[in-house]
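One-letter residues, chain by chain:
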Amino acid sequence: KQVVKNAKVLAGELQRLGWHIISGGTDSHLILMDTWLSGAGVAGKDAERMLERAGIIVNKNTIPHDPRGVLDPSGIRLGTCAETTRGRKEKDMLAIARKIDKVLRGK
């Protein structure tokens, strides 16, 4: 239950920060996020590398009707299982979302 709660909070905060969450949120442990934002953001492949350097592991992922293709897609997939097993709660997800936002916006 906590894994899903964490995913909902993470998705909600990323949305609040201006990122497009595919399907408007999540009902599971996974989040699919459009990082390309029609060219205003970063490619999924770049987002994956940037976040990994910051200690956040995600996977590049295609999004519905992805104009970029599978090798360099427009999105990333995030999950909350690992952080939840480390004892992270909703407040921690807010901080993680803010760190993701800062990394992807180059701040």
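In the block above lies the structure referred to throughout.
Calculation criteria
- Residues numbered from 1 in each chain as written.
- Predicted model: local features only at pLDDT ≥ 70, side-chain atom pairs only at ≥ 80, totals over all residues.
- Heavy atoms only, no water.
- Salt bridge = Lys/Arg side-chain N within 4 Å of Asp/Glu carboxyl O.
- Helix = DSSP H or I, 4+ residues; strand = E, 2+ residues; numbered from the N terminus.
- Buried < 20%, exposed > 50% of the residue type's maximum accessible area, 1.4 Å probe, protein only.
- Axes fitted to C-alpha atoms, helices over the stretch in contact; angles between N-to-C directions.
- Left-handed = near helix turned anticlockwise from the far one by under 90°.
- Contact = heavy atoms within 4.5 Å.
- Nonpolar A, V, L, I, M, F, W, Y, C, P; charged D, E, K, R; others polar.
- Expected span 1.5 Å × (residues − 1).
- Arc of directions from axis to C-beta.
- Core = buried A, V, L, I, M, F, W, Y, C linked by side-chain atoms within 4.5 Å.
- Lys, Arg positive; Asp, Glu negative; His and termini not counted.

J.: Looking at this structure, how should I read the pattern of salt bridges?
T.: Between side chains of opposite charge, a pair can form as their charged atoms come close. Per the stated rule, a full pass over the model turns up nine salt bridges. In this structure, Arg98 engages Glu13 in a salt bridge whose closest nitrogen and oxygen atoms are separated by 3.1 Å. Taken as a pair, Arg98 in helix α4 (residues 90-104) and Glu13 in helix α1 (residues 2-16) lie far apart in primary sequence, 85 residues in all. In this structure, Glu83 engages Arg88 in a salt bridge whose closest nitrogen and oxygen atoms are separated by 3.2 Å. Residue Glu83 is classed as partly exposed on the basis of its relative accessible area of 23%. The partly exposed category is assigned to Arg88, whose relative accessible area is 31%. Each of the salt bridges in this network shares a partner with another, and the network as a whole consists of Glu13, Arg16 and Arg98.

J.: Looking at this model, I keep getting lost on the packing of helix α2 (residues 44-53) against α4. Mind explaining?
T.: A pair of packed helices can be characterised by two numbers: the angle between their axes and the separation between those axes. For the pair α2 and α4, the least separation of the axes is 10 Å and the interaxial angle reads 120 degrees. For the element pair α2 and α4, the recorded crossing hand is right-handed. Across from Ala47, Met50 and Leu51 in α2, the residues of α4 making contact are Ile100, Val103 and Leu104. Partitioning the contact of α2 with α4 into residue classes produces six nonpolar, no polar and no charged.

J.: Is there a simple way to explain α4 in this structure?
T.: Given 3.6 residues per turn, any residue in an α-helix points the same way as the ones three and four places further on. A rise of 1.5 Å per residue sets the reference length of α4, with its 15 residues, at 21 Å; its end C-alpha atoms lie 21 Å apart and thus fit the reference within 8%. For α4, every residue scored as buried is listed here: Met93, Ala97, Ile100, Asp101, Val103 and Leu104. The buried residues of α4 occupy an angular sector of 165 degrees when projected down its axis, which confines them to one face. At its buried positions, α4 is contacted by α1, β2 (30-34), α2, β4 (75-79) and α3 (81-85). Gly106 lies just past α4 and shows a positive phi near 70 degrees.

J.: Teacher, can you tell me more about the nonpolar core here?
T.: The nonpolar side chains of a soluble globular protein tend to be buried with one another. Counting residues in hydrophobic clusters, the biggest one holds 21 residues, and the most contacted among them are Leu10, Leu14, Met33, Leu51, Leu78, Ile100 and Leu104. If sequence neighbours within four positions are ignored, Met33 has contacts with Leu14, Trp19, His20, Ile21, Ile63, Ser74, Gly75, Ile76, Leu78, Ile100 and Leu104.

J.: Mind showing me how you'd approach the side chain of Asp34 here?
T.: Inspection of the secondary structure assignment puts Asp34 in strand β2. For the buried Asp34, no salt bridge is present, and the opposite-charge side chain at shortest range is Arg68, 8.3 Å distant. Leaving out residues up to four positions away in the same chain, Asp34 has contacts with Trp19, His20, Ile22, Ile63, Ser74 and Gly75.

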